[in-house]
Amino acid sequence: MQPIQRAPCPDRPASRAQGRAQAWDAAPPAPRRAPGGMTAMRILVVEDDAMIGPLLAETLTGLGHEVCGIEATEAGAVAAAARHRPDLMIVDLILAEGTGTAAMERITRATPVPHLFMSGLARPAAPPGKVLLTKPFREADLVLAIRRALAPAASLA
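Below, the structure is looked at part by part. (Residues numbered from 1 in each chain as written. Predicted model: local features only at pLDDT ≥ 70, side-chain atom pairs only at ≥ 80, totals over all residues. Heavy atoms only, no water.)

Glancing now at the pattern of salt bridges. Taken as a whole, this structure holds six salt bridges when the rule is applied. Arg83 is the partner of Glu71 in a salt bridge, and the nearest nitrogen-oxygen pair spans 3.8 Å. Of this pair, Glu71 sits in strand S2 (residues 66-71) while Arg83 sits in helix H3 (residues 74-84); the two residues are 12 residues apart in sequence, bridging distant segments of the chain. Several salt bridges share partner residues, and in doing so they unite Glu47, Asp92 and Lys135 into one network. (Salt bridge = Lys/Arg side-chain N within 4 Å of Asp/Glu carboxyl O. Helix = DSSP H or I, 4+ residues; strand = E, 2+ residues; numbered from the N terminus.)

Below, the structure is given as structure tokens:
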């Protein structure tokens, strides 16, 4: 007598191991976590100082975030925001060409993007109700400013 041959069922994996592998592959990836419990984000940096922009990007990468670009002008910031669709923007108030506030006004007209401003001025004039990080700053100050910018309704408008 010959053994009974079962036809494979298209809805069912051939083995339990295959079933677990298929379930694993089908599950959505868990959000990446940055150190300190913060969800890792795609961040666009808008800074016209050639030393500060890359240094900030390096710090953000060290915190577990992905820096999707560094822009130095208002026009560059607007174009990069449309291209990269960042989770957060960190924007210098005063740029060599344009201003960070004007860039964010143009960007947020199209789509809300959480953001925070930074400035090295002695008495910076940030828009009311916006998160402002004063340069120079420590990593802990940066993390706190990011948390504040991500708080509900802090910087979406």
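Picking up where we left off.
Bringing the side chain of Ser119 into the picture now. Mapped onto the secondary structure, Ser119 falls in strand S4 (residues 115-119). Non-local contacts of Ser119, meaning those with residues more than four positions away in its chain, are made with Asp92, Leu93, Pro124, Leu132, Leu133, Thr134 and Lys135. (Contact = heavy atoms within 4.5 Å.)

What follows is about the environment of Val113. Within the secondary structure layout, Val113 lies in the loop between helix H4 (100-110) and S4. Note: C-alpha distance between Val113 and Ala81 (32 residues apart in sequence) is 8.8 Å.

Looking at where Leu88 falls in the secondary structure, it is placed in strand S3 (residues 88-92). The exposure class assigned to Leu88 is buried, which follows from its relative accessible area of 0%. With 27 residues separating them in the primary sequence, Leu88 and His115 have C-alpha atoms 5.4 Å apart. Apart from the residues lying within four places of it in its own chain, the contact partners of Leu88 are Met41, Arg42, Ile43, Leu44, Pro114, His115, Ile146, Ala149 and Leu150. (Buried < 20%, exposed > 50% of the residue type's maximum accessible area, 1.4 Å probe, protein only.)

Ranked by internal contacts, the top residues of the largest apolar core, which has 17 residues, are Leu60, Ile90, Leu116, Leu142 and Ile146. Secondary-structure elements contributing two or more residues to this core are strand S1 (42-46), helix H2 (52-62), S3, S4 and helix H5 (139-150). No other element matches H5, which puts four residues into this core. Beyond its immediate chain neighbours, meaning those up to four positions away, Ile146 contacts Met38, Met41, Leu60, Leu88, Ile90 and Leu116. If you look at the next biggest cluster of nonpolar residues, it comprises 16 residues, including Leu44, Ala80, Ala81 and Phe117. (Core = buried A, V, L, I, M, F, W, Y, C linked by side-chain atoms within 4.5 Å.)

When H2 is considered as a whole, its buried residues turn out to be Gly53, Leu56, Ala57 and Leu60. The buried residues of H2 occupy an angular sector of 100° when projected down its axis, which confines them to one face. Of the residues in H2, the exposed ones pointing more than 90 degrees away from the buried face are Leu55, Glu58 and Gly62. The inward-facing, buried residues of H2 abut S1, S2, S3, S4 and H5. One or two steps after H2, the chain reaches Gly64, where phi turns positive at roughly 100°. (Arc of directions from axis to C-beta.)

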